[in-house]
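# Geometric and topological summary
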Amino acid sequence: GESVGLHLPTLSVQEGDNSIINCAYSNSASDYFIWYKQESGKGPQFIIDIRSNMDKRQGQRVTVLLNKTVKHLSLQIAATQPGDSAVYFCAESLTNDYKLSFGAGTTVTVRA
Amino acid sequence: NAGVTQTPKFQVLKTGQSMTLQCAQDMNHEYMSWYRQDPGMGLRLIHYSVGAGITDQGEVPNGYNVSRSTTEDFPLRLLSAAPSQTSVYFCASSYLGFTAKNIQYFGAGTRLSVL
């Protein structure tokens, strides 16, 4: 698979490989984290979320890992497909706060 | 399923003009919010509301007004448009509550250009 260091703005992935998208969050008091996918010309779509009392959560072809010690979040996409080409955003929120703070996003391009 | 509907999809304004961006949701969500998205940046919160009659400022509220007279609608008003407000605007909504906290559902966006 291919991975990115602590937040690079772009990631190019071979179709069929695994992708890892990284996100460094800013506030150690954040207790909720969420990943969104944004395709060109569309609004962000929910992918997966995780609370701070967990360190891993799996969905369909996606896994989110949370490392609170270093304030790091990652999204793993298994067997990347052309339809996975998009911008991926992580977001965080504080306890009892419904506002989300978004990162700058990572553009994923899938090579055939 | 309509979800979150934003109108218009595109708009061009001249500096100093005013306009209202419309947002409506049919999911009976209490929480609604407006974001702007600029090239190479994430979404920045403009204003938000936790229910009818309640609004509050986000990270970048200057130059924008909102009101929430119904659960369904949350319009964003630009009183005197400036070129710095050229951006893509997204409306989002979600339930308030622990089990569904912060899964915000977004509209398709309004692309605004101010000349």
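Residues numbered from 1 in each chain as written. Chains lettered and ligands numbered in written order. Predicted model: local features only at pLDDT ≥ 70, side-chain atom pairs only at ≥ 80, totals over all residues. Heavy atoms only, no water.

Across chain A, the average pLDDT comes to 90, with 93% of residues at 70 or higher. Across residues 1-6 of chain A, where pLDDT falls below 50, the model places 20 contacts with residues more than four positions away in sequence or in other chains. (pLDDT = per-residue confidence, 0-100. Contact = heavy atoms within 4.5 Å.)

So, on to the state of the cysteines. All names here are of chain B. Taken as a whole and assessed by the stated rule, the structure comprises 2 disulfides over all chains. Across the disulfide, Cys23 is cross-linked to Cys91 (sulfur-sulfur distance 1.9 Å). Given an S-S torsion of about -70°, the disulfide between Cys23 and Cys91 has left-handed geometry. Highlighted residues: Cys23 in strand S3 (residues 19-25) and Cys91 in strand S9 (residues 87-94), separated in sequence by 68 residues. Cys91 matches Cys23 in its accessibility class, with the two residues each being buried. (Disulfide = S-S within 2.5 Å. Helix = DSSP H or I, 4+ residues; strand = E, 2+ residues; numbered from the N terminus. Buried < 20%, exposed > 50% of the residue type's maximum accessible area, 1.4 Å probe, protein only.)

Below, the discussion takes up the interface of chain B and chain A. On the chain A side, the residues contacting the 22 residues of chain B number 24 residues. Roughly 1800 Å² of surface becomes buried between chain B and chain A when both sides are summed, with 57% attributable to carbon and sulfur atoms. For the side of chain B that touches chain A, the secondary-structure elements that each account for two or more residues are strand S4 (31-37) and strand S5 (43-51) of chain B. Partitioning the side of chain B that touches chain A into residue classes produces 12 nonpolar, 8 polar and 2 charged. (Buried area = accessible area lost by both parts, 1.4 Å probe. Nonpolar A, V, L, I, M, F, W, Y, C, P; charged D, E, K, R; others polar.)

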